[in-house]
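Secondary and tertiary structure notes
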Amino acid sequence: MSLIDQIHEHRVAGRRVDVLSRQLAKLLPENATVLDVGCGDGQIAQRLGKLRSDLTFTGVDVLVRTNTAIPVERFDGRHLPLETNSFDVVMFVDVLHHADDVDTLVGEAVRVARQSIVIKDHSLQGCAASSTLRLMDWVGNHRHGVSLPYNYLSPAEWRGLWQRWNLEVDERVDQLGLYPWPASMVFDRSLHFAARLRVPNSFRTNGVDLNRRELAEA
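Described in the following lines is the structure provided in the data block.

Rules of the game
- Residues numbered from 1 in each chain as written.
- Predicted model: local features only at pLDDT ≥ 70, side-chain atom pairs only at ≥ 80, totals over all residues.
- Heavy atoms only, no water.
- Pairing = 2+ DSSP bridges.
- Helix = DSSP H or I, 4+ residues; strand = E, 2+ residues; numbered from the N terminus.
- Buried < 20%, exposed > 50% of the residue type's maximum accessible area, 1.4 Å probe, protein only.
- Contact = heavy atoms within 4.5 Å.
- Axes fitted to C-alpha atoms, helices over the stretch in contact; angles between N-to-C directions.
- Phe/Tyr/Trp six-rings, centres within 6.5 Å; stacked < 30°, edge-to-face > 60°.
- Lys NZ or Arg CZ within 6 Å of the ring centre and 35° of its normal.
- Core = buried A, V, L, I, M, F, W, Y, C linked by side-chain atoms within 4.5 Å.

1. Some remarks on the pairing of strand β9 (residues 208-211)
Strand direction decides the pairing type here: strand β8 (residues 202-205) and β9, joined by 4 bridges, are antiparallel. Residue R204 lies in a different strand from β9, and its bridge partner there is D209.

2. Looking at the environment of G38
Tracing the backbone through its elements, the reader meets G38 in the loop between β1 (33-37) and α2 (43-51). When its relative accessible area of 25% is taken as the criterion, G38 is described as partly exposed. In sequence terms G38 and V60 are 22 residues apart; their C-alpha atoms lie 5.8 Å from each other. Beyond its immediate stretch of four places on either side in the chain, G38 contacts V60, D61 and V95.

3. Remarks on the environment of L24
Mapped onto the elements of the fold, L24 is located in helix α1 (residues 3-27). Using a relative accessible area of 0% as the deciding quantity, one classes L24 as buried. Sequence-wise, L24 and A194 are 170 residues apart; in three dimensions their C-alpha atoms are separated by 7.6 Å. Excluding residues that lie within four positions of it along the chain, L24 makes contacts with I44, L48, M91, V93 and V118.

4. A few points about the sheet that holds strand β2 (residues 56-61)
Spatially, the 7 strands line up as an open sheet ordered β3-β2-β1-β4-β5-β7-β6, and their pairing is mixed. The open sheet has two free edges, formed respectively by β3 (72-74) and β6 (168-173), since each of these has just one partner strand. The sheet shows a mean angle of 20° between the axes of neighbouring strands, direction not considered. By the bridge criterion, 5 bridges tie β6 to strand β7 (residues 192-198) in an arrangement that is antiparallel. The residue bridging E168 from the neighbouring strand is R198, located in β7. Each of β5 (113-122), β6 and β7 touches helix α5 (residues 155-164); the most contacted strand, β5, lies at about 170° to it.

5. Concerning unusual backbone geometry
At Y150, a position not held by glycine, the phi torsion is positive, near 55°. Counting through the fold element by element, Y150 comes out in the loop between α4 (129-141) and α5. One non-glycine residue, N166, lies in positive phi territory at about 55°. Among the structural elements, N166 can be located in the loop between α5 and β6.

6. Brief notes about the packing of aromatic side chains
By the definition in use, this model includes 4 aromatic pairs. Their ring planes at 45° and their centres at 6.2 Å tell us that Y150 and Y152 sit as a pair that is tilted. Each ring, one from W158 and one from F193, has its centre 5.1 Å from the other, and the planes form 75°; the classification is edge-to-face. Pair noted here: W158 is in helix α5 and F193 is in strand β7, with a separation of 35 residues, a long-range link. Owing to a relative accessible area of 0%, F193 belongs among the buried residues under this scheme. Among the aromatic residues, those joined into a cluster by ring pairs are W158, W162 and F193. When the ring centre of F193 is taken as reference, the NZ or CZ atom of R172 above it lies at 4.5 Å.

7. Re the nonpolar core
One finds L24, L28, L48, F57 and M91 to be the most contacted residues of the largest nonpolar core, which totals 31 residues. The set of elements that each furnish at least two residues to this core consists of α1, α2, β4 (87-93) and α4. With 6 residues, α1 is the largest single contributor of residues to this core. V90, V106, V112 and A113 belong to the second largest nonpolar core, which has 30 residues in total.

Below, the structure written as structure tokens:
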């Protein structure tokens, strides 16, 4: 492990898990089953479970690690290997900017989630945003073999994505406090957000409009 990796592991990674878990715990609905997409080693889900014992977590990831804190199933990065309406919440924590097809993956989340989609990701805005995000991404993920396409979306692109899938913002946090001062002045700024999005009452698949409530009652 390089010196940069060691510094990240001891000074940043642990704080990130702790801060994100506390922020996400406020966004997740009560007594929910949660699908953690791109869960990695499952540490965030595990910490969330300790903060919120009413939640149940299952993970899927393109790369399934040897030791994970929650049950994890492999998927292809585009299509979730799960039944429609099978989880209350689908959660993406710093995952969508790694996806080759963000639109398809969000559509799959809309299909699988009964209530909400929770997203923590980056917002491409501000001075040197792209280069700063690329640096953070590389330091945090390169040694794990994670794909790094650097597909960061601007605020307008996020809004457009949510509008295409009729997702409504229930709650959003733009100041997460992931980094201590003075690193926060460079790496926090307006580059991060977390949001809970309400899924629509119906969705379209294979050219057919399906009513979520009717499916749940069938």
